[in-house]
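Single-letter residue listing:
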Amino acid sequence: MEISLRPGTRDDVEWIAELRAEVLRADLVRLGRYDEVRVRERLRRGFLPEHTRVIVVDGVDAGSITTRIEDGDRWIEHLYLAPRLQGRGVGSRVLQTVLSEPHTGDTRLLVLRGSAARRLYERHGFVRDHEDDVDVAMVRRGASERVTAAYARRAAEYAEHLGSMSSVHPSDQALVTAWASTVDGPLLDAGCGPGHWTAYLAAIGHEARGVDRVPEFVEHARREHPGVPFAVADVDALPDEPETFGGVLAWYSLIHHDPAALRRPLEEFARVLRPGGGLLVGFFTGSDVEPFDHAVATAHRWPVERLATAVSEAGFDVVETSVRAASPATPRPHGAIVARRHDRADALTTPARRRGPR
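What counts, and where the lines are drawn
Residues numbered from 1 in each chain as written. Predicted model: local features only at pLDDT ≥ 70, side-chain atom pairs only at ≥ 80, totals over all residues. Heavy atoms only, no water. Pairing = 2+ DSSP bridges. Helix = DSSP H or I, 4+ residues; strand = E, 2+ residues; numbered from the N terminus. Axes fitted to C-alpha atoms, helices over the stretch in contact; angles between N-to-C directions. Contact = heavy atoms within 4.5 Å. Salt bridge = Lys/Arg side-chain N within 4 Å of Asp/Glu carboxyl O. Buried < 20%, exposed > 50% of the residue type's maximum accessible area, 1.4 Å probe, protein only. Parallel < 35°, antiparallel > 145°, perpendicular 65-115°, else oblique. Left-handed = near helix turned anticlockwise from the far one by under 90°. Nonpolar A, V, L, I, M, F, W, Y, C, P; charged D, E, K, R; others polar. Core = buried A, V, L, I, M, F, W, Y, C linked by side-chain atoms within 4.5 Å.

Visitor: Account for the sheet that holds strand β7 (residues 135-140), naming residues and giving values.
Guide: Taken in spatial order, the 7 strands line up as β1-β2-β3-β4-β5-β7-β6 in an open sheet, and their pairing is mixed. Only two strands of the sheet have a single partner each, and these edge strands are β1 (3-7) and β6 (127-131). Direction aside, the axes of adjacent strands within the sheet are offset by 30° on average. Lying on the sheet, helix α3 (residues 90-99) is in contact with β1, β2 (52-57), β3 (60-70), β4 (73-81), β5 (107-112) and β7; it crosses β4 at an angle near 160°.

Visitor: Before we move on, can you summarise the pattern of salt bridges with the specific residues and values?
Guide: Summed over the entire model, instances satisfying the criterion amount to 25 salt bridges. Between Asp 234 and Arg 213 there is a salt bridge, with the nearest N and O atoms lying 2.6 Å from each other. Residue Asp 234 is located in the loop between β10 (230-232) and β11 (245-251), and its partner Arg 213 is located in the loop between β9 (208-212) and α9 (215-224); the two are separated by 21 residues in the primary sequence. The partner of Glu 243 in a salt bridge is Arg 341, with the nearest N and O atoms 3.6 Å apart. In this pair, Glu 243 sits in the loop between β10 and β11 while Arg 341 sits in strand β16 (residues 334-341), placing the two residues 98 residues apart along the sequence.

Visitor: Describe the side chain of Thr 67, listing the residues and the values that go with them.
Guide: Along the chain, the position of Thr 67 falls in strand β3. Given the relative accessible area of 15%, Thr 67 is considered buried. Dropping the residues within four chain positions of it, Thr 67 is found in contact with His 51, Arg 53, Trp 75, Ile 76 and Val 98.

Visitor: For the pairing of β7, give the residues involved together with the corresponding values.
Guide: Burial of β7 is extensive: 5 of the 6 residues sit out of reach of the surface. Pairing geometry for β5 and β7, over 6 bridges, is antiparallel. Bridge pairing in β7 places Arg 108 opposite Val 139. Relative to β7, β6 runs antiparallel, the two sharing 4 bridges. Residue pairing across strands places His 130 opposite Ala 137, the latter belonging to β7. Between β6 and β7, which pair antiparallel one after the other, the connecting turn spans 3 residues.

Visitor: Describe the packing of helix α7 (residues 170-181) against helix α8 (residues 196-203), with residues and values.
Guide: Between α7 and α8, the shortest axis-to-axis distance is 11 Å and the interhelical angle comes to 50°. For the element pair α7 / α8, the angle class is oblique. As α7 runs across α8, the sense of the crossing is right-handed. Here Asp 172, Gln 173, Val 176, Thr 177 and Ala 180 of α7 come into contact with α8, specifically with Trp 197, Tyr 200 and Leu 201. Tallied by class, residues from the contact of α7 with α8 come to 5 nonpolar, 2 polar and 1 charged.

Visitor: Give a detailed account of the nonpolar core, specifying residues and quantitative values.
Guide: Formed by 33 residues in total, the largest nonpolar core has its most connected members in Leu 266, Phe 269, Leu 279 and Phe 316. The greatest single-element share of this core, amounting to 5 residues, is contributed by helix α11 (residues 304-313). In this structure, Tyr 200, Leu 249, Phe 284 and Phe 292 belong to the second largest nonpolar core, which totals 22 residues.

Honestly, that's just the spatial picture; any functional story needs more than this.
Structure representation (structure tokens):
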């Protein structure tokens, strides 16, 4: 089957209202809530053509889906599909398409109690939030929430194996040390994890602070590194005032961001950095921007040039990039970008490139 989505129009309202009545009839009758007039009128009153897309299967209009944003959450509404196509994977493909579209918040929907459609939503990561006599409210947590939960479950294991400087590659330690020596002012370890980098920077004489979304990491960091400040915070919405820091270390703390959402934390780093402040980003590199199965949660590889462009577009001059090739001990190639905040919206630089030790 050839499946596509086209923009909805005001002319679509009547046939979608009829489709709604057909699709919901059995469940509404079972719940004692079916009304021939109301089932159509509710669609007409709430129809938003600018937020609606029509599902087209083999060239024929066969269903609809509406998405809208409210208080940071994405709502999926009016997902209806002609009965002849149900159970053939069409709804799943449409849902996958919508869920792959950039959005950092939660995704929510309502499904009738006892409806078979609930199984479709559960397969795509939705869980029950609450319910009443008619509807079950379901939610699919945003990517950041899912990543936070995944790390929270494995925080102790992660800290044991990767939460000390003894687990750090020597060339990475040398790079971060050299970068920090060029920075004037306090350092922010953004996405500090167990806190070992923050503590290391403090130990070599820098004023350093660590933040992480995972409370279990922050608790571990405070326990293991007393006297070093740590706080629970989101790199997408840092609590700090503008121009607070001289440098931001984002060492593998952006790898789980969807590529379409990466600009948000980069702009936050630019906001909290002083003019000329330094940024160091560590990441996994590859030939294309692509997801892969990280041990904790899905992560992304970036070509160095692509990520350098993203950093530049967020308000930085890229000073240098580096690559550390894969080895038996570290089977994924690593990259790093050194940049400085600028105040010129059109300023771009061509990064110098060096290759680190193999």
